[in-house]
Amino acid sequence: MDDRHHDQIAKWERRWIALSGLMSLMFVILIAFSLATEGGHIAQVAGRGTPETLLAAAIFAEPGVRVTSPTEVQVSLVAQAFSFSPERIVVPLGAEVTFYLTARDVIHGWQVDRTNLNVIVIPGEIAVLRYTFTRPGTYRVVCNEYCGIGHQNMLGEIEVVSASQFGRTAASVPMVAAAATADQVDGAALYAANCASCHGAGGAGIAGAFPPVAPHSAELAAEDRSYLIDAILYGLQGPINVAGRDYNGVMPAWGHLGDAQIAGILNHVLDLGGPEVTPYTVDEIAAERGKGWSPSDVLTSRREVIGR
Ligand code: CUA
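Just so it is clear, the structure is predicted and the values come from calculations on it, not from any experiment. Every chain is numbered independently, its residues counted from 1 as its sequence is written. Restriction of local features to residues with pLDDT of at least 70 applies here, the model being predicted, together with a cutoff of 80 or more for giving and counting side-chain atom pairs; totals for whole chains, interfaces and linings are based on all residues. Side-chain measures here rest on the full set of heavy atoms in the structure, leaving out hydrogens and waters.

**A word on the side chain of His199**
Piece 1. The helix count covers DSSP runs of H or I at least four residues long, the strand count covers runs of E at least two residues long, and both are numbered beginning at the N terminus. As for its placement among the helices and strands, His199 is situated in helix H6 (residues 196-199).
Piece 2. Think of a polar contact as two N or O atoms within 3.5 Å of one another; within protein, one of them needs to be a possible hydrogen donor and the other a possible acceptor, and neighboring residues in sequence only count if both atoms come from side chains. Separated by 2.8 Å, the side chain of His199 and the backbone oxygen of Pro211 make a polar contact.
Piece 3. Note on contacts: a residue pair is in contact if any heavy atoms of the two residues lie within 4.5 Å. The residues contacting His199, other than those within four sequence positions of it, are Tyr191, Ala204, Gly205, Phe210, Pro211, Val213 and Met251.

This is the structure we're talking about:
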């Protein structure tokens, strides 16, 4: 090989090395620029434990917004397949918001549109991060970690309002609040937030993946009033047949919802179709708690009610 050829190659090698050096420098500058203008919002791990112990902790037992001082707000959120609890929150403009996040079942993501908030939410871990919203409006929240068949429907919302407006709505902020009767909750909204991503907005389910809940639920409730409550409180796992189709999946337990919420959801589902059934009451839901059932226990009770 002649020298001229060698020099030619060496020249191009130096150019490529310079270019890659420049690119690395540009990346460092971009990171420094975004840290300086947007700030860093890297989640810290505030606690570890089994998902059960974390979810039983006061902050997650009733997730939602808590006002801790005139300029500070605490938000606890639980991610689960396929929703955030609460799904929608309202926070005041300009206040320092401390988010506490954990997951109930599998790894989820929590990304807030138009901000640089983006966290992986892990079961058994509490992620903490602080943020101050400086522009009012509605911020969309998405799960950006694939978590199962309903992942694309795992959405949430943060509404940022002025401090005075926040003061007026504060009472109704956490969606999962203690309500005394089924009539005080919006069953349709709760169904949309917690159930529709699998069972469909109208209750028709997703063929082959998630069974329909209407008119099937009303038929079940006419047979046995406690079965549907147990399926919500404790989940359901195993092969079932609904309207001539086989399903073999897992419904997670929804016992973290309040008695009034569950009654409201059930009454909404009963309204979607099927035979006329007396609406569920809060007391009926409360009576089914504390049985400590597993999702397969619920399957066994289902066999006793309808045998399929
Ligand atoms: Cu939760 Cu994807």
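Read on, since the account is not over.
**With respect to the sheet that holds strand S7 (residues 108-112)**
Piece 1. Following DSSP output, two strands are said to pair if at least two bridges run between them. Spatially, five strands are ordered S5-S11-S10-S7-S8 in an open sheet, and the strand pairing comes out mixed. In this open sheet, the two strands that pair with only one neighbour each are strand S5 (88-92) and strand S8 (118-121). Between one strand axis and the next, the sheet turns through 20° on average, direction left out of account.
Piece 2. Note that S7 and S8 share four bridges and pair antiparallel. The partner of Trp110 across the bridge, within S8, is Val119. With axes taken as lines fitted to C-alpha atoms, and helix axes fitted only over the stretch in contact, angles between N-to-C directions fall between 0 and 180 degrees.

**Things to note about the packing of aromatic side chains**
Piece 1. Stacked, tilted and edge-to-face are the three classes assigned to paired rings of Phe, Tyr and Trp, where Trp is represented by its six-membered ring and a pair needs centres within 6.5 Å; plane angles under 30 degrees give stacked, over 60 edge-to-face, the rest tilted. On inspection of all chains with the given rule, the structure shows four aromatic pairs.
Piece 2. On the numbers, 6.1 Å between centres and 45° between planes, the contact of Tyr234 with Trp293 is tilted. Taken together, the positions of Tyr234 in helix H8 (residues 225-234) and Trp293 in the loop between helix H10 (282-288) and helix H11 (295-306) put the pair 59 residues apart, joining distant regions of the chain.
Piece 3. Remark: exposure states derive from per-residue accessible area (1.4 Å probe, protein chains only) relative to the maximum for the residue type, with buried under 20%, exposed over 50%, and partly exposed in between. With a relative accessible area of 10%, Tyr234 lands in the buried category.
Piece 4. Taken together through their ring pairs, the aromatic side chains of Tyr131, Phe133 and Tyr139 make up a single cluster.
Piece 5. Here Arg114 stacks its cationic end above the ring of Tyr139, 4.3 Å away from the centre of that ring.
Piece 6. In this scheme, Lys NZ or Arg CZ marks a charge over a ring once it lies within 6 Å of the ring centre and within 35 degrees of the ring normal. Over the aromatic face of Tyr280 sits the side chain of Arg225, whose NZ or CZ is 4.4 Å from the ring centroid.

**Focus on the domain arrangement of the protein**
Piece 1. Considered domain by domain, the protein is made up of domain 1 (44-172) and domain 2 (182-306).
Piece 2. Listed per partner, the contact involves nine residues of domain 1 and nine residues of domain 2.
Piece 3. Among the residues domain 1 hides against domain 2, the three largest losses belong to Phe82, Arg104 and Ile149. Together they make up 41% of the total.
Piece 4. Salt bridge, as used here, is a side-chain nitrogen of Lys or Arg placed within 4 Å of a carboxyl oxygen of Asp or Glu. Inspection of the domain 1/domain 2 interface yields zero salt bridges.
Piece 5. Joining domain 1 to domain 2, the criterion identifies zero residue pairs in polar contact (both at pLDDT 80 or more). Here the bounds of each domain stem from an automatic or database domain assignment. Using a 1.4 Å probe, buried area is obtained as the accessible area two parts lose upon being combined, added over both of them.

**A few points about the layout of surface pockets**
Piece 1. Approximately 950 Å³ is the volume found for the largest pocket.
Piece 2. Every definition here rests on a 1 Å grid over the protein atoms only: cavities are sets of points where a 1.4 Å probe fits but cannot get out, pockets are open sets enclosed by protein on both sides within 12 Å along at least five of seven lines, and lining residues have some atom within 4 Å of a point. Lining the largest pocket are 45 residues; nearest its centre among them are His199, Val250, Met251, Pro252 and Trp254.
Piece 3. Put simply, the parts of the chain that give the lining of the largest pocket at least two residues each are helix H2 (51-56), helix H5 (187-194), H6, helix H7 (216-223), H8, strand S12 (236-242), strand S13 (245-251) and helix H9 (259-271).
Piece 4. Among the elements that line the lining of the largest pocket, the one with the most residues is S13, at five residues.
Piece 5. Residues are grouped as follows: Ala, Val, Leu, Ile, Met, Phe, Trp, Tyr, Cys and Pro are nonpolar; Asp, Glu, Lys and Arg are charged; all remaining types, including Gly, are polar. Across the lining of the largest pocket, the residue classes tally to 33 nonpolar, eight polar and four charged.
Piece 6. Split by domain, the lining of the largest pocket shows at least three residues from each of two domains, domain 1 (44-172) and domain 2 (182-306). Grid points are joined across faces, edges and corners, and a volume is the space filled by probe spheres set on the points.

**Focus on the pattern of salt bridges**
Piece 1. For the structure on display, the rule yields seven salt bridges.
Piece 2. Between Asp113 and Arg140 there is a salt bridge whose closest N-O contact spans 3.8 Å. Remark: Arg140 occurs in strand S10 (residues 137-142) and Asp113 occurs in the loop between S7 and S8; sequence separation between them is 27 residues.
Piece 3. Look at Asp113 and you get partly exposed, because its relative accessible area is 35%.

**Remarks on the pairing of strand S3 (residues 72-80)**
Piece 1. Within S3, seven of the nine residues are buried, leaving the element largely enclosed by the surrounding structure.
Piece 2. Pairing analysis gives five bridges linking strand S2 (residues 64-69) to S3, with the strands arranged antiparallel. Paired with Gly64 across the strands is Ser76, a residue of S3.
Piece 3. Linkage of S2 to S3, two consecutive antiparallel strands, is achieved through a turn of two residues.
Piece 4. Where S3 meets strand S6 (residues 96-103), eight bridges bridge the pair, whose relative direction is parallel.

**Structural notes on the nonpolar core**
Piece 1. Membership of the largest hydrophobic core comes to 37 residues, with the highest contact counts inside it found for Tyr227, Leu266 and Tyr280.
Piece 2. Within the residue set of this core, elements represented by two or more residues are H5, H7, H8, S12, H9, H10 and H11.
Piece 3. For our purposes a nonpolar core is just a set of buried Ala, Val, Leu, Ile, Met, Phe, Trp, Tyr and Cys residues, chained together by side-chain atoms within 4.5 Å. Listed in part, the 36 residues of the second largest apolar core include Phe82, Val97, Val121 and Cys198.

**Remarks on H5**
Piece 1. Within H5, the full set of buried residues consists of Gly187, Leu190, Tyr191, Ala193 and Asn194. Angular distribution of buried residues about the axis of H5 spans 165°; they occupy a single face of the element.
Piece 2. On its buried side, H5 packs onto strand S4 (83-85), H6 and H9. Think of it as the arc spanned by the lines of direction from the helix axis to the C-beta atoms.

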